[in-house]
Each structure stands twice: as C-alpha cells, then as structure tokens.
Amino acid sequence: MTRKTRVRFAPSPTGPLHIGGVRTALYNYLFAKQRVGDFILRIEDTDSQRFVPGAEDYIINTFEWLGLKFDEGVGVGGKYGPYRQSERKDIYRKYVNQLLESGRAYIAFDTPEELEIKRKEIPNFQYDASTRDGMRNSLTLSAEEVKSLIDSGVQYVVRFKIEPNEEVVVNDLIRGEVRINSSILDDKVLWKSADQLPTYHLANIVDDHLMEITHVIRGEEWLPSAPLHVLLYRAFNWEDTMPQFAHLSLLLKPEGNGKLSKRDGDRLGFPVFPLQWIDAQGEVSSGYREAGYLPEAVINFLALLGWSAGDEELMSLERLIEVFSIEKCSKSGARFDFEKAKWFNHQYIVQKSDRELAEMFLPILIQKGFGDVSVHTVERVITLVKDRVSLLGDLWEQSYFFFQAPTEYDEKTVKKRWKEDTPKQMIELRDLLANLNDFSASNQESAVKSWIGDSGYKLGDVMNAFRLAIVGESKGPHMFDITEVIGKEETIERLNKAIENIGK
Ligand code: GLU
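**Student:** Help me get a handle on the pattern of salt bridges, residues and values and all.
**Tutor:** Evaluated as defined, the whole model comprises 45 salt bridges. One salt bridge connects Arg179 with Glu167, and the closest N-O pair in it is separated by 3.0 Å. One end of the pair, Arg179, is in strand S7 (residues 176–181); the other, Glu167, is in strand S6 (residues 167–172), with twelve residues separating them in the sequence. When its relative accessible area of 45% is taken as the criterion, Arg179 is described as partly exposed. On the accessibility criterion, Glu167 (48% relative accessible area) is partly exposed. A salt bridge links Glu339 to Lys342, with the shortest nitrogen-to-oxygen separation between them at 4.0 Å. Taken together, the positions of Glu339 and Lys342, both in helix H11 (residues 338–351) and three residues apart, correspond to about one turn of that helix. A residue is classified by how much of its surface remains accessible, and Glu339, at 53% relative accessible area, is exposed. Overall, the relative accessible area of 24% leaves Lys342 in the partly exposed class.

So this is what it looks like as structure tokens:
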C-alpha cells in the first residue's frame, strides 16, 4: 500500500531561524503539496541548554508571513500530537525501555571526568564495541550493581549498542546510495536520566515513526547522523516504514567558500534571517520582512537556491508546487546571490497593483509623519516610482519629495544648475504656472515649453533648476508628473522658497 506523503520541518528553537532553514522548510512544503501530502511542524526542544525563549514564536511567525501553512504541528494541532518534543517525555521513555529490554541499548554510568580520563588514555577514543567493555555500564556491571546505583540516585545515560562491522546503507534521494561500516559509529547517547529527556537522535526517529513521516528532507549537516538513524530503525524493527532521506546542500557565502553566516550578511549588508530578531542582549539581526521584501519574492529566490527548473525563473508558489523535484536538487552548495534576491523582489513589486503597494507604503508614511496623505495620492506616487524600486523601503527614498518640500538643496547640484540668470527664469516660470487653470502634467508641459521657445532659454537650464527647486536634488520621475501630484500651490511655494534661498 502506498502511504500518504507526510513530511516534517523539525527545527530546534535555539535562536532565529536561518534563511537556509527556511529553504529546507520550503522544499518540504513543495514536496508535500505536489503529492497532496501533509506538511508538519515539529519543535525539537529536548536540548534544554540551547533553548531560546521566543524562537518558537519566531518560527511560527515566519511561516505565517510567508504563507506556507502547516497541516499539523505546533500551533495547529493534529492527531499525532503533541508536536513539541518536550511534551512527549513519556513516549520516549517507553521506547528507550524497549531498546533496553531487547538488548539494543544499555545503561552507562561513566561520569564526564571518567570519560575525559579515557580520552586522554586512548588516542581517538570513542565509546563503542572496542571500548565499552572497559567502561562502567550495564554490560560490565552486574544486574544488582546497576539496580543499586540507579536506586541510590546515581545519574546515567542510555547508549545505543552499535554492532561493529555491519554495512549501513542510506538511500538518499539527492545523493544516491551512501554506504558506511557501522564500526566507525560510536554508541550514541539516546537518553539521559538527569533531565529524563531523550537526545535528538532518539526523539527524531521515534517521532518520525509515530508521526508516519514518509520523507525526511533536511540540511546536509544531518547526513552524518543518517546511518545511525537507519540502525535505530533496524533496532526497532521499523525498517519497512523507514522514511526516504534527502539531504540538501548548504547555502554558501556569495564568494562560494563556506556556509552563509550572519556575519556575511552584516559584512555585505543583507539579512540572513526571514524576520528581524532581537536577542537577549538587545542585538538586532535584520530580517527580509523588515528589509522590504515581499514573501512571494523570498519564496521564489529561495526555491532557486539549490534547485532549478531550467530557464524558468519567475514562479508563483502554485507553479513551484507543480514543477519542484527533489531529485533535481543540487548536490553541491548553492551560492547566495543577494543582487538576484533584489531582482526577484523588484519583479514582484512591479506585478503588484498600485493600490496594493500604496497599502504597503502607508505604514512607512505614517511612521514618517505623513499618515494623512490620501490613498489616492499615494497610488499616483506609486505609479510614478515603482519601476525604480527593489525593496519596499526604496519607496520612500524614491518619493519623499512628493510629501515634503526640500529643507536643503544638494550643494553639487546647486553649483552646477543654479546659474546667474536662474532666479529670473524661475520667477517667470512661477508666474506662468500660477496663471494656469489646468495644472495637468501635459498642460504644464506645453505651456512651459512654448514659453521657453519664445524666450530663447535653454530647456535643460530651466528644467534642471526647476527640479532642484522642487525636489532639492537632481532625481525623481518626470518633472511635470511631480508638480501635477503636489499641485499648483505647493509648486509655487517651493519655487518661491528656492528663489529666496538658493545661492544666498
Ligand atoms: N532538530 C533538527 C534541526 O534543528 C532536525 C533535523 C532533522 O530534520 O532531522 O535541524
């Protein structure tokens, strides 16, 4: 019987989710949705030392922003819950006991100090078939000794008893067959009495089994753990329902050497986290959302870091679901290309209606103190500037002069564009514009041009100075579009101010 596809994204809440983790989740999502399967959020929080408050909410908010919905999991519920590992202690205890009873695991009392001594004594020491006989564990101590140690409250761990010289094969959908010999593995700790909690390995396997996970798609940093996981499935007799593995390659620094880190982001000025994160010390890490990215763009560019569909680049989530293929994911790392990320964002920005963009711009305007501008005006501004915008934050940079008169004039432009006879020209221009009844861009343009023609002025001289007076520097869209939006009164006022102030 073929099973329903079920995949999980299983982050540990140890800090803000890295953008590489978001890509892992996205690939899980695309894979599941293509097969009409389930996408599950499981929080792997059994390492209490690394737990960071707020990290779980951060994860949930990230996927809400991106619009990637979980079918089950923390924050959603579902019949395989609880989905937070810290709430599944009793379940793990039961499976640890099962391994102890079947002789596939054993109890070990060695203290950290004792282990340290062994490490000094034996070069490349590892706790395994070749050394476990010389250690303090339930294989070397009598049953009575073990019982009395436990009864007297001595702390212990449960270790997986790995048989040496077994061939372990991991079938990876991206990397093909990976074979190793079990002798290289150590007897991993599966459970600790001190906190009554399993380690990552045990919890991960038990949950994947109980939650009927069919495919494990995760970062390549977990590939070294995969043989151990295969052996755990074998020890539990769950091999028939063992998930298929797919280990994704790393996201690399833009230069291509090494894993993309927060420091690369700081160094090159781009976020490596989906949302802004403020840590306990108050240090701020920037996020894609706050940097002015649209979720659709983030999804699109992340999907193409390590996977491609030929030449097709601009793809909606629906299209990605249609064409995604895990087998086509690259084995080698994908270089992070920040310029490309911006390019994608620009494409999605220009696809939005002016109305939608106006609504996204409004909060920025409110923050700048221009909350009373009409949506209609904002929409007109958007129409004029959106081609120049890559990030939502650029909207302000490209349009502030629609909302506020210049408070100063760019020095270089003044030197270059404000000549001796400019004030006289600007006075004439002001009087001409003041007399226009129809202040549409086209009417202003024809009136101004015919005046320039009659007066023998140079078009460039007049228009450059006009722009300096209205905008404060030499930037912005078509001049008469700007003055049409700000209106006659404001135009005249700005001209007067410039005539009065520039060059004085
Ligand atoms: N908790 C692991 C992580 O933080 C999950 C690895 C896996 O998907 O098996 O990435």
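**Student:** Talk me through the packing of aromatic side chains; I want residue IDs and the actual numbers.
**Tutor:** Per the stated rule, a full pass over the model turns up 33 aromatic pairs. Where Tyr95 meets Trp238, the ring centres are 5.5 Å apart and the plane angle is 70 degrees; that geometry is what we call edge-to-face. In this pair, Tyr95 sits in helix H3 (residues 89–101) while Trp238 sits in the loop between helix H7 (226–235) and strand S11 (244–248), placing the two residues 143 residues apart along the sequence. Ring centres 6.2 Å apart and planes at 15 degrees place the aromatic pair Trp396 and Phe403 in the stacked group. Classification of Trp396 as buried rests on a relative accessible area of 13%. Under the relative-accessibility criterion, Phe403 is labelled buried at 12%. One aromatic cluster is present, built from ring pairs that chain together Phe361, Phe370, Trp396, Tyr400, Phe401, Phe402 and Phe403. The aromatic ring of Trp191 is capped on one face by Arg93, whose charged end is 4.1 Å from the ring centroid.

**Student:** Explain the site of the ligand residue by residue, including any values.
**Tutor:** By nearness alone, every residue bordering the ligand is listed as Arg8, Ala10, Pro11, Ser12, Glu44, Tyr200, Asn204, Arg218 and Trp222. With respect to the ligand, the backbone of Ala10 contributes an N or O atom lying 2.8 Å from a nitrogen atom. Here Arg218 contributes a side-chain N or O atom positioned 2.8 Å from an oxygen atom of the ligand. Taking 300 Å² as the accessible area of the ligand by itself, protein coverage stands at 85%. Partitioned by chemical class, the residues of the shell around the ligand number four nonpolar, two polar and three charged.

**Student:** How would you summarise helix H13 (residues 375–385) if you had to cite specific residues and measurements?
**Tutor:** Restricting attention to buried positions, one finds in H13 the residues Val378, Val381, Ile382 and Val385. Mapping the buried residues of H13 onto a view down its axis gives an arc of 105 degrees, with all of them on the same face. Looking at the buried side of H13, the elements it contacts are helix H12 (354–368), helix H14 (394–403) and helix H19 (479–486).

**Student:** Give me the pairing of strand S4 (residues 105–108): which residues, what numbers.
**Tutor:** Side-chain positions along a regular strand alternate between the two faces of the sheet. Of the two faces of S4, both are covered, the one formed by Ala105 and Ile107 as well as the one formed by Tyr106 and Ala108. In the sheet, S4 pairs with strand S5 (residues 157–160) via four bridges, with the strands oriented antiparallel. In the sheet register, Tyr106 faces S5, and the bridge partner there is Arg159.

**Student:** An account of the sheet that holds strand S9 (residues 197–198) is requested, with residue identities and associated values reported.
**Tutor:** Taken in spatial order, the four strands make up an open sheet running S4-S5-S8-S9, and their pairing is antiparallel. On the outer flanks of this sheet lie S4 and S9, each paired with one strand and no other. Relative to S9, strand S8 (residues 189–192) runs antiparallel, the two sharing two bridges. Bridging from a neighbouring strand, Lys192 pairs with Leu197 of S9.

**Student:** So, the environment of Lys94: which residues are in play, and what are the values?
**Tutor:** You can see Lys94 is positioned in helix H3. According to the relative accessible area criterion, Lys94 is exposed, its value standing at 52%. Sequence separation between Lys94 and Asp195 is 101 residues, and the spatial gap between their C-alpha atoms is 15 Å.

**Student:** Report on the packing of H13 against H14, specifying residues and quantitative values.
**Tutor:** Running from amino to carboxyl end, H13 crosses H14 at an angle of 130 degrees, the nearest separation of the two axes being 10 Å. Put simply, H13 runs oblique to H14. Taken as a pair, H13 and H14 cross one another with a handedness that is right-handed. Here H13 contributes Val381, Ile382, Leu384 and Val385 to the contact with H14, which in turn contributes Leu395, Gln398, Ser399, Phe402 and Phe403. Tallied by class, the residues present in the contact of H13 with H14 amount to seven nonpolar, two polar and no charged.

Criteria and thresholds
Every chain is numbered on its own, with residues counted from 1 as its sequence reads. In keeping with the model being predicted, local features are shown solely for residues with a pLDDT of at least 70 and side-chain atom pairs are shown and tallied solely at 80 or more, while totals for entire chains, interfaces and linings include all residues. As a rule here, side-chain values come from all non-hydrogen atoms in the structure, and water together with hydrogens is ignored. When a carboxyl oxygen of Asp or Glu lies within 4 Å of a side-chain nitrogen of Lys or Arg, that pair is called a salt bridge. Every helix listed is a DSSP run of H or I at least four residues long, and every strand listed is a run of E at least two residues long, numbered separately from the N terminus. Type-normalised accessible area, obtained with a 1.4 Å probe on protein chains alone, sets the label of each residue: buried when under 20%, exposed when over 50%, and partly exposed for intermediate values. Any Phe, Tyr or Trp ring, taking Trp's six-membered ring, that has another such ring centre within 6.5 Å forms a pair; planes under 30 degrees apart are called stacked, those over 60 apart edge-to-face, and the others tilted. Definition used: whenever NZ (Lys) or CZ (Arg) falls within 6 Å of the ring centre and also within 35 degrees of the ring normal, the charge is taken to sit over that ring. Any residue with a heavy atom positioned within 4 Å of a molecule or strand is treated as near that molecule or strand. Nitrogen and oxygen atoms within 3.5 Å of one another constitute a polar contact, given that in protein one can donate a hydrogen and the other can accept it, and given that sequence-neighbouring residues count only through two side-chain atoms. We get accessible surface area from the Shrake-Rupley algorithm with a probe of 1.4 Å; when it comes to residues, only the shown protein chains can shield them. All residues other than Ala, Val, Leu, Ile, Met, Phe, Trp, Tyr, Cys, Pro, Asp, Glu, Lys and Arg, Gly among them, are scored as polar; the first ten of these are nonpolar and the last four charged. What the arc measures is the spread of directions leading from the helix axis to the C-beta atoms. Pairs of residues are marked as contacts when any of their non-hydrogen atoms sit within 4.5 Å. A strand pair is defined by DSSP finding two or more bridges across the two strands. Only the contacting stretch of a helix is used when fitting its axis, a line to C-alpha atoms as for every element, and angles between N-to-C directions run 0 to 180 degrees. Working rule for angles: under 35 degrees goes down as roughly parallel, over 145 as roughly antiparallel, 65 to 115 as roughly perpendicular, anything else as oblique. Each crossing is labelled by how the near helix is turned from the far one, with a counterclockwise turn of less than a right angle marking it left-handed and a clockwise turn marking it right-handed.

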